[in-house]
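Listed here are the chains, written in short residue letters.
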Amino acid sequence: VQLQASGGGLVQAGGSLRLSCAASERTFRTYTAGWFRQAPGKEREFVAAMSWSKGRVIYADSVKGRFTISRDNVKNTADLQMYDLKPEDTALYYCAADPSRNVDLTRRNNYEYWGQGTQVTVSS
């Protein structure tokens, strides 16, 4: 499965962006979908994830209440709507997919497929 992330850009603090992840195969609808981010000099960290059935959704504490993950299992996409962006949200954002549907949605190593990343820059 190939994942293509898009929607990044430059935004002022308090602004919004919507990231989108498009999968190349229909099997994506049976995978856990997740978003991670990596700031310069830091490790890649978990942001949000949604199970294939949409029954489980989890967010990192740092984005809870500001970000919303969604997915369209017909279009094979997974989006990340980001509100009230802060300078500390600046990072390269990656979408990812876990075909094994591991219980821990936050564990980076559980995700087998990764997109190329889309840059989000929040100015103060």
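Going by the structure above, here's the rest.
Below, the structure is looked at part by part. In this convention, every chain numbers its residues from 1, walking through the sequence in written order. The predicted origin of the model limits local features to residues at a pLDDT of at least 70 and limits the giving and counting of side-chain atom pairs to 80 or more, whereas totals for whole chains, interfaces and linings rest on all residues. Side-chain numbers come from the whole structure's heavy atoms, not from hydrogens or water.

### Structural notes on the pairing of strand β3 (residues 17–23)
A regular strand places its side chains so that they alternate between the two faces of the sheet. To keep things clear, this is the line we draw: Working definition: with a 1.4 Å probe on protein chains only, accessible area under 20% of the residue-type maximum means buried, over 50% means exposed, and in between means partly exposed. Numbering of helices and strands starts at the N terminus; helices are DSSP runs of H or I of at least 4 residues and strands are runs of E of at least 2. A strand pair is defined by DSSP finding two or more bridges across the two strands.
Side chains of β3 alternate between two faces, with Leu17, Leu19, Cys21 and Ala23 buried and Arg18, Ser20 and Ala22 left unburied. Sheet topology places strand β1 (residues 3–6) next to β3; four bridges connect them, and they run antiparallel. Pairing of leucine 3 across the sheet is with alanine 23, part of β3. Note that β3 and strand β8 (residues 77–82) share six bridges and pair antiparallel. Across the sheet, residue serine 20 finds its bridge partner in β8, namely aspartate 79.

### Side note on the pattern of salt bridges
Put simply, the test is: Salt bridges are defined by distance alone: a side-chain nitrogen of Lys or Arg within 4 Å of a carboxyl oxygen of Asp or Glu.
One pass over the full model with this rule turns up five salt bridges. Between aspartate 89 and arginine 37 there is a salt bridge; the shortest N-O distance is 2.9 Å. Taken together, the positions of aspartate 89 in the loop between β8 and β9 (91–98) and arginine 37 in strand β4 (residues 32–38) put the pair 52 residues apart, joining distant regions of the chain. As far as burial versus exposure is concerned, aspartate 89 and arginine 37 are alike and both buried.

### Considerations on the packing of aromatic side chains
For clarity, the cut-off: Pairing of aromatic side chains here covers Phe, Tyr and the six-membered ring of Trp, requires ring centres within 6.5 Å, and sorts the geometry by plane angle: under 30 degrees stacked, over 60 edge-to-face, intermediate tilted. Each ring is checked for a lysine NZ or an arginine CZ that lies within 6 Å of its centre and within 35 degrees of its normal; such an atom marks a charge sitting over the ring.
Counted by the stated rule, this structure contains six aromatic pairs. Ring geometry for phenylalanine 36 versus phenylalanine 46: centroids 5.7 Å apart, planes at 75 degrees, classification edge-to-face. Of this pair, phenylalanine 36 sits in strand β4 while phenylalanine 46 sits in strand β5 (residues 45–50); the two residues are ten residues apart in sequence, bridging distant segments of the chain. The burial state of phenylalanine 36 is the same as that of phenylalanine 46; both residues are buried. Measuring from centroid to centroid gives 5.1 Å for phenylalanine 36 and tyrosine 111, while their planes differ by 75 degrees, and the two rings are edge-to-face. With phenylalanine 36 in strand β4 and tyrosine 111 in the loop between β9 and β10 (113–114), the pair connects residues that are 75 residues apart, well separated along the chain. Among the aromatic residues, ring-to-ring pairing joins Phe36, Phe46, Tyr94, Tyr111 and Trp114 into one connected group. The lysine or arginine in question, arginine 71, covers the ring of phenylalanine 28, its NZ or CZ lying 5.0 Å from the ring centre.

### Focus: the state of the cysteines
Rules: We call a pair of cysteine sulfur atoms a disulfide whenever their separation is within 2.5 Å.
According to the stated counting rule, one finds one disulfide in the structure shown. A sulfur-sulfur distance of 2.2 Å marks the disulfide that ties cysteine 21 to cysteine 95. Residues cysteine 21 and cysteine 95 are joined by a disulfide whose S-S torsion is about 65 degrees; by sign, that bridge is right-handed. Linking cysteine 21 in strand β3 with cysteine 95 in strand β9, this pair joins segments that are 74 residues apart in sequence. Given the relative accessible area of 1%, cysteine 95 is considered buried.

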